[in-house]
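# Examining the three-dimensional arrangement
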Amino acid sequence: AGPAGDRGSTATGTWRFLARSFPEPSGPLGLRKSHLWILLYGTKFRSAESQVSSLSKVLQQIAGRFDSQQFLLAVRIAVDFGASLNWSAPLVNQPRHARYLCRHPGKLTKVIDTIYGDGTKDRKKPEGFRHYNDYLWPFSQQLAVLIAARSRDFGHDILKVFCTLVHHAGRLAFRKVPEEQTAAVVKQICDQRGDDGNKIKWTSYDAAEVFCAAHRLGLPMTKALTSLTRIIRQDLQEVRAENLPILARGLGKGDWHEEFVLLHAICRQGSLALQEGVLKAQAACAFIAVCSNSNWQIFDEELLQNASRAFQNGSKDLSTKELCDVIYSVSSFQVRDVIAMDEICAELTQRAKDRKLAETEMVKLARGLLKLRHRDESLMNALAPLVLESKQKMLPVSLCNLMAAFSYFSSSSDDFYVELLGSITDRASKLQPISVQHILTALCRLQGRVASEKLQMPLERLCDHIANLSASFSPVQAMSSLSALANLQQRDLASASVFASVLCGTSEVHWHWAKSPQCLRQLRSMDCVSFEESKCRAVMDQLDSSRCVEILQSLSSLELNSRLTCHMTALLCSLLAPQLHDLRAKEVIVVARAFSPERIPDVFWSRGKLSGAHPSCLTDGSIDSEGPSRWRERALDLCFQSLRRHEHFLDTTYFALLPFKLLCLQVNLGTFDTRKLEEFLNPMLLAFVDRLRNLTKEECAANRARREGEDEEGESFALTEPMDLGPEKIDCESGHRILLGSYLGDLQVDLLLERPSKK
């Protein structure tokens with residue numbers, strides 16, 4: 001009993017009495033083992049909470065006198081009180097206790113289960129520890145040392161003891177054990193499996209426990225471990241539901257076909273566990289991450305639906321990293337609305353307002369939203385100030401990814417984009433080619449939303465940096481960047497030289513450009529030291545036909561003319577000619593206009609014809625420098641034939657018809673060095689061409705309205721089409737008149753200057 005006047009519980013008074021009685025660490029003088037047993041056993045059933053410091057102090061002094069059974073009981077009581085287990089560390093490996101633990105693995109397993117619990121018990125965090133499990137590490141780590149040193153003394157029970165400790169304590173318990181010793185323990189456990197009399201036959205439960213324990217410890221997946229998947233697959237329903245996500249993450253080192261079948265079964269089993277509420281949102285994160293992996297790419301709609309329900313109920317329990325990982329993983333499926341994004345985005349919005357997102361998390365979130373094309377204004381508005389606050393600490397590649405996402409969703413102010421672009425271009429020397437491509441694409445998206453003068457300075461800085469990355473661009477990056485410059489109407493010859501050289505496959509950058517396309521029209525020499533046809537062809541083989549057409553369009557838009565571009569244009573046209581029927585209408589017109597003499601002089605095409613590089617469909621005509629180019633007429637004939645199947649698109653889309661009209665005008669005016677259309681086209685093809693080139697804008701709009709089922713009467717059409725008020729007229733003092741948005745024939749022009757009328 002406690003001293004007089006102590007109104008607390010008997011256990012509390014007893015611990016205080018012992019603490020005052022034995023201030024020195026010499027031990028409890030005269031206290032018998034039987035008294036210790038009664039004291040410990042009685043304290044186990046205490047109802048009042050004692051002072052933790054008093055209990056820790058007493059156990060530190062009297063623990064040396066415990067026998068093994070009292071030692072285990074004292075550990076359980078100390079954990080129940082929330083006292084430190086530092087006093088237990090030196091006792092675990094004492095010979096008498098070690099022998100007892102090896103001979104009674106069932107009691108040891110029960111103690112481990114008891115002190116860690118099942119995670120449902122609400123424990124107080126002991127004073128001086130960050131987490132309530134931290135005060136268990138001294139005992140757990142010494143147990144791990146004991147298991148590694150005396151694994152054979154446990155016999156067949158080593159499997160249960162080892163897996164139980166790893167399940168509760170994880171990798172931190174084995175921090176003091178070398179990886180080689182831990183792997184040796186796992187190997188010993190695997191060697192016990194078999195059908196012989198001296199070995200044990202494992203169930204799917206046992207195999208899953210060993211496999212998950214090895215994965216938790218980060219051990220390499222040896223052949224013995226990967227072979228366990230065959231046992232696990234036999235009866236997956238025996239496996240604990242909480243081990244299913246760990247099993248899924250651990251696959252990938254064995255036979256791909258067998259593990260794919262097992263992973264699919266795990267997903268089905270996990271889906272049922274999520275539906276029944278056995279597994280929560282964290283398990284759903286693991287399943288989605290594994291299924292979205294490029295090695296598997298398993299799209300299980302039922303699993304995603306159950307995972308979505310888990311996120312709706314438990315998104316607040318997930319860490320910020322897990323929430324961002326979910327969005328990024330789901331984006332790899334390239335299917336929208338596979339999970340409910342509203343709850344996840346709402347939770348991330350609140351955490352962004354609370355400044356709880358790190359750099360990597362913001363980048364993953366932005367890239368995931370961009371791939372999903374999921375627009376959430378509140379989330380992007382909450383991210384914007386956080387990005388500006390952290391922009392100086394972020395890597396340039398992270399800022400580029402964020403810029404790409406914000407520019408697509410256009411959910412911020414002009415000042416945000418200008419400030420973010422300034423921060424990126426200030427560190428332009430650290431940008432990699434993929435980041436350059438992202439920024440150029442973002443600048444294209446910002447056209448029309450942000451004033452052009454605000455974007456000009458970042459664009460010029462970026463172009464100055466491109467010249468130093470000539471050997472780093474891939475063909476796709478060079479093509480995309482060149483196309484972005486064309487859309488931005490930025491004719492930077494240094495940047496264009498880098499991209500053209502990459503696309504031609506040359507190691508040397510070609511810096512020389514013609515002042516005018518007319519300079520190349522009458523070339524008699526085709527020598528170009530920087531061009532090798534075999535290397536350029538190898539580069540173009542990596543690109544699909546649409547990207548090859550994009551290169552031709554970019555060269556034309558930027559008016560890039562040189563011997564190198566002539567070689568490249570001739571090669572691209574020869575590659576695209578057999579594929580004209582697979583191209584879209586606008587792409588066919590781009591290829592047709594690329595056959596002009598300033599883009600491909602006759603001397604460049606003749607080289608390909610003599611070497612057999614051009615397709616047979618374009619080699620029927622002869623090349624005569626004194627007369628029309630027959631091969632060019634043959635190319636135009638093929639392009640017009642390919643456009644016939646696009647007639648229903650062209651006669652309703654005026655903006656796509658304008659380049660076609662310009663092409664016909666160039667041919668009939670003789671700028672193509674060919675005869676007029678009516679002289680080399682057959683009557684049926686000529687009728688098709690005349691029918692399209694004579695269409696007006698109003699007729700195209702009427703055709704479109706008629707096909708959409710609208711009334712053909714003028715009154716009904718006027719309701720859907722705004723009235724054309726004609727060009728805007730500006731009268732000058734000199735008598736000249738400026739017309740904005742006028743037409744020259746059927747061709748739309750931005751500005752037209754009229755002479756003053758004569759009086």
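Since the structure is predicted, the reported quantities are computational estimates derived from the model, not experimental observations. (Residues numbered from 1 in each chain as written. Predicted model: local features only at pLDDT ≥ 70, side-chain atom pairs only at ≥ 80, totals over all residues. Heavy atoms only, no water.)

## Side note on the nonpolar core
- Counting residues in hydrophobic clusters, the biggest one holds 224 residues, and the most contacted among them are Trp87, Phe162, Phe311, Leu440 and Phe640.
- Beyond its immediate sequence surroundings of up to four residues, Phe162 is in contact with Ile147, Phe174, Thr182, Val185, Val186, Ile189, Ala213 and Leu217. (Core = buried A, V, L, I, M, F, W, Y, C linked by side-chain atoms within 4.5 Å. Buried < 20%, exposed > 50% of the residue type's maximum accessible area, 1.4 Å probe, protein only. Contact = heavy atoms within 4.5 Å.)

## Regarding helix H9 (residues 158–169)
- Counted at 1.5 Å a residue, the expected span for H9 with its 12 residues is 16 Å, and the 16 Å between its end C-alpha atoms agrees.
- Among all positions of H9, only Ile158, Leu159, Val161, Phe162, Cys163, Thr164, Leu165, Val166, His167 and Ala169 are buried.
- In this structure, the buried side of H9 is in contact with helix H7 (105–116), helix H8 (137–149), helix H10 (179–191) and helix H11 (204–216).
- Downstream of H9 by one or two residues, Gly170 has phi in the positive range, about 75 degrees. (Helix = DSSP H or I, 4+ residues; strand = E, 2+ residues; numbered from the N terminus. Expected span 1.5 Å × (residues − 1).)

## Brief notes about empty space enclosed by the protein
- Going through the model one piece at a time under the given rule, you end up with 2 cavities of 30 Å³ or more.
- Taken as a whole, the second largest cavity spans an internal volume of roughly 30 Å³.
- In terms of residue count, the dominant contributor to the lining of the second largest cavity is helix H30 (residues 563–576) (3 residues).
- For the lining of the second largest cavity, the residue count by class is 3 nonpolar, 3 polar and 2 charged. (1 Å grid on protein atoms, 1.4 Å probe; cavity = no way out; pocket = protein on both sides within 12 Å on 5 of 7 lines; lining within 4 Å. Points joined across faces, edges and corners; volume = space filled by probe spheres on them. Nonpolar A, V, L, I, M, F, W, Y, C, P; charged D, E, K, R; others polar.)

## Notes on the environment of Ile231
- Along the chain, Ile231 falls in helix H13 (residues 228–234).
- On a C-alpha basis, the gap between Ile231 and Ser204 in space is 5.4 Å, while along the polypeptide they are 27 residues apart.
- Setting aside residues no more than four positions away along its own chain, Ile231 makes contact with Arg193, Trp202, Thr203, Ser204 and Ala207.

## Re the packing of aromatic side chains
- For the structure shown, the criterion picks out 13 aromatic pairs.
- Between Trp256 and Phe260, the aromatic rings sit 5.1 Å apart at their centres with planes inclined by 20 degrees, giving stacked as the arrangement. Separated by 4 residues within a single helix, Trp256 and Phe260 lie in helix H15 (residues 256–276), roughly one turn from each other.
- Within the aromatic cluster, the residues linked to one another by ring pairs are Phe71, Trp87 and Phe139.
- The ring of Trp202 has Arg193 sitting right over it, with the charged end atom 6.0 Å from the ring centre.
- Here the basic side chain of Arg373 rests over the ring of Tyr408, its NZ or CZ set 4.7 Å away from the ring centre. (Phe/Tyr/Trp six-rings, centres within 6.5 Å; stacked < 30°, edge-to-face > 60°. Lys NZ or Arg CZ within 6 Å of the ring centre and 35° of its normal.)

## A short note on the side chain of Glu633
- Within the secondary structure, Glu633 sits in helix H33 (residues 630–643).
- A distance of 2.8 Å separates the side chain of Glu633 from the side chain of Arg675, its partner in a polar contact. (Polar contact = N/O pair within 3.5 Å; in protein donor to acceptor, adjacent residues only side chain to side chain.)

## Considering the packing of H33 against helix H37 (residues 683–693)
- Where H33 contacts H37, the axes come no closer than 10 Å and their chain directions differ by 70 degrees. Taken together, the axes of H33 and H37 lie roughly perpendicular to each other. Two packed elements cross with a definite hand, and for H33 against H37 that hand is left-handed. Contacts between H33 and H37 involve Asp637, Phe640, Gln641 and Leu643 from the former and Leu685, Phe688 and Val689 from the latter.
- Looking at the contact of H33 with H37 residue by residue, the classes come out as 5 nonpolar, 1 polar and 1 charged. (Axes fitted to C-alpha atoms, helices over the stretch in contact; angles between N-to-C directions. Parallel < 35°, antiparallel > 145°, perpendicular 65-115°, else oblique. Left-handed = near helix turned anticlockwise from the far one by under 90°.)

## Remarks on the layout of surface pockets
- The volume enclosed by the largest pocket comes to roughly 1,400 Å³.
- Residue lining of the largest pocket: 34 residues in total, with Gln553, Ser556, Ser557, Arg593 and Pro659 positioned closest to the centre.
- Residue assignment for the lining of the largest pocket shows that the elements contributing at least two residues are helix H26 (475–488), helix H29 (545–557), helix H31 (585–593), helix H35 (654–669) and strand E3 (747–754).
- Per-element accounting of the lining of the largest pocket gives the leading share, 8 residues, to H29.
- Its residues placed into classes, the lining of the largest pocket shows 16 nonpolar, 9 polar and 9 charged.
- One number sums up the size of the second largest pocket: a volume of about 690 Å³.
- Every residue lining the second largest pocket is counted, 20 residues in all, and those nearest its centre are Pro245, Arg249, Gln282, Ala283 and Glu322.
- Counting residues per element, the ones that place at least two in the lining of the second largest pocket are H11, helix H14 (244–250), helix H16 (281–291) and helix H18 (320–331).

## A short note on unusual backbone geometry
- If you check the backbone angles, Gln297 has positive phi at about 50 degrees while not being a glycine.
- Judged by relative accessible area, Gln297 falls into the partly exposed class, the value being 40%.
- Positive phi outside glycine occurs at Asp673, with the angle close to 60 degrees.
- Tracing the chain through its elements places Asp673 in the loop between H35 and helix H36 (677–680).
- Taking the relative accessible area as the measure of exposure, Asp673 reaches 27% and is therefore partly exposed.

Without other data, these values stay purely geometric and don't point to any function.
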